[in-house]
Amino acid sequence: IPRRVSNDEFNGLISACAQCKSEKMLHLITLAIETGMRRGELCSLDKRSICFSKGLINIESTKTGFTRVIPMTANAEEAALALCQLSSNNSLLCMTPNAVRMSFERVRARAQLSHIRFHDFRHEAISRFFEIGLTPPEVASISGHRTLSMLMRYSHASLDAISSKFKSNNIISKM
C-alpha cells in the first residue's frame, strides 16, 4: 500500500513549523503540497516567477529541462505572497535545496514524523490533483511528467475514498 501524507500528519508538520526561527518552512511546505513542485524547483523560484494577477507560477529551471506553468490555489497564492514578503531580495526562498532538507528534517523530528520525506509532498499533491477531478493531461501539465506511466507512479488512490464509492454504488445494478 503506497504511503500517503494524511491531513493530520500535514497539520502536525505545520504546527512544528511554529518552532522554526523563520516562517519560511511553514509557507514552503504549504506551497510544495499545493503545487506538487520539487524541492529544487521551489528553491529556484524568484519573485518574477510568480504572476499573482493570473494566479500562475512559471518554472524555468526543472529536472526535465522543460519550462512549465503551474496554476495556484488560494493556499498556494497565500504561501507565495508570504514568501515574497519574507524575502529580502529577488529569490523567493534564499535557501539551497540542502538547507531546505536540513530544515525539514528538524521540522519532521519536532512533529515526530520521521517517516515523511519532503518528496512525499509531490506524490501527495499529484494524488490529490486526481482526487479533485483533474484529468491526466491536466495533472501532467502541472507535474511536468512526460509519460502517463511516470505520472501514474506518483498517483496513489486513497483506499478510503475507493471504499466509500464502492459502498455507495454497485457494479451490477439490481433489477
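Our structure's up above, just so we're on the same page.
The text that follows walks through the structure, step by step, so that each part is easy to find. (Residues numbered from 1 in each chain as written. Predicted model: local features only at pLDDT ≥ 70, side-chain atom pairs only at ≥ 80, totals over all residues. Heavy atoms only, no water.)

What to know about the overall build of the protein
We apply this condition: Put simply, DSSP H or I for four residues or longer makes a helix, DSSP E for two residues or longer makes a strand, and each gets a number counted from the N terminus. In this treatment the radius of gyration is a C-alpha quantity, and the globule benchmark scales as 2.2 Å times the residue count to the 0.38 power. Partly exposed describes any residue whose relative accessible area lies between the buried limit of under 20% and the exposed limit of over 50%, with all areas from a 1.4 Å probe on protein chains only and scaled to the type maximum. Contact definition: two residues touch when any of their heavy atoms are within 4.5 Å. For the area figures, the Shrake-Rupley method with a 1.4 Å probe applies, and any residue is considered shielded solely by the protein chains shown.
The number of helices and strands found in the protein is 9 helices and 3 strands. Expected size for 175 residues packed as a compact globule is a radius of gyration near 16 Å; at 17 Å, the protein falls within 12% of this value. Counting only C-alpha atoms and orienting by the principal axes, one finds that the protein spans roughly 65 × 35 × 25 Å. Of all 175 residues assigned to the protein, the portion counted as buried reaches 43%. Pairs at least 24 apart in sequence give 62% of the contacts found in the protein among residues at least 6 apart. As displayed, the protein offers around 10300 Å² of accessible surface, 54% of which is attributable to carbon and sulfur atoms.

Digging into the packing of helix H6 (residues 120-131) against helix H7 (residues 136-143)
Rules: Note on definitions: angles span 0 to 180 degrees between N-to-C directions of axes, and those axes are lines fitted to C-alpha atoms, for helices only across the stretch in contact. Here roughly perpendicular refers to angles of 65 to 115 degrees, roughly parallel to angles under 35, roughly antiparallel to angles over 145, and oblique to all remaining angles. Here a crossing is taken to be left-handed if its near helix is turned anticlockwise relative to the far helix by less than a right angle, and right-handed if that turn runs clockwise. Each residue is assigned to one of three groups, with Ala, Val, Leu, Ile, Met, Phe, Trp, Tyr, Cys and Pro labelled nonpolar, Asp, Glu, Lys and Arg labelled charged, and all others, Gly among them, labelled polar.
At their nearest, the axes of H6 and H7 sit 10 Å apart, and the two run at 150° to each other. Taken together, H6 and H7 sit at an angle that is classed as roughly antiparallel. As H6 packs across H7, the resulting crossing turns out to be right-handed. Along the contact surface, H6 presents Arg122, Ile126, Phe129 and Phe130, while H7 presents Pro136, Val139, Ile142 and Ser143. Broken down by class, the residue content of the contact of H6 with H7 amounts to 6 nonpolar, 1 polar and 1 charged.

As for helix H4 (residues 74-86)
Our working definition: The span you would expect from a helix comes to 1.5 Å times its residue count less one.
Helix length check: H4 (13 residues) gives 18 Å between terminal C-alpha atoms against 18 Å at 1.5 Å per residue, within 8%. For H4, the complete set of buried residues consists of Ala76, Ala79, Ala80, Ala82, Leu83 and Cys84. Buried residues along H4 sit in contact with helix H2 (24-35) and strand S1 (50-51).

Let's talk about the packing of aromatic side chains
How we decide: Between rings of Phe, Tyr and Trp, where Trp is taken as its six-membered ring, a pair exists when centres lie within 6.5 Å; planes separated by under 30 degrees are stacked, by over 60 edge-to-face, and by other angles tilted.
The full count for this structure, using the stated rule, is 3 aromatic pairs. Aromatic pair Phe104 and Phe118: ring centres 5.5 Å apart, planes at 85°, arrangement edge-to-face. Of the two residues, Phe104 sits in helix H5 (residues 97-110) while Phe118 sits in the loop between H5 and H6, which places them 14 residues apart along the sequence. Considered together, Phe104 and Phe118 belong to a single accessibility category, that of buried residues.

Examining the sheet that holds strand S2 (residues 56-59)
Test applied: Should DSSP find at least two bridges between two strands, the strands are taken to pair.
Read from one edge to the other, the open sheet built from 3 strands follows the order S1-S2-S3, with strand pairing classed as antiparallel. At either end of the open sheet lies a strand with only one pairing partner, and these are S1 and strand S3 (68-71). In the sheet, S2 pairs with S3 via 4 bridges, with the strands oriented antiparallel. Counted as the bridge partner of Leu56 is Pro71 from S3.

Structural notes on a nonpolar patch on the surface
Cut-off, in case you're wondering: Exposure above 30% relative accessible area and the absence of a salt bridge qualify a residue for a patch, where like charges join within 9 Å and nonpolar side chains (Val, Leu, Ile, Met, Phe, Trp, Tyr) within 5 Å. For salt bridges, the criterion is a side-chain nitrogen of Lys or Arg within 4 Å of an Asp or Glu carboxyl oxygen.
On the surface, Leu159, Ile162 and Phe166 cluster together to form a nonpolar patch covering roughly 300 Å² of accessible area. As for its position among the elements, Phe166 is in helix H9 (residues 159-168).

Re the pattern of salt bridges
Evaluated as defined, the whole model comprises 8 salt bridges. Asp120 is the partner of Arg117 in a salt bridge, and the nearest nitrogen-oxygen pair spans 2.8 Å. The buried category is assigned to Asp120, whose relative accessible area is 15%. Ionic contacts of the salt-bridge type, sharing partners, join the residues Arg4, Glu124, Arg128 and Glu131 into one network.

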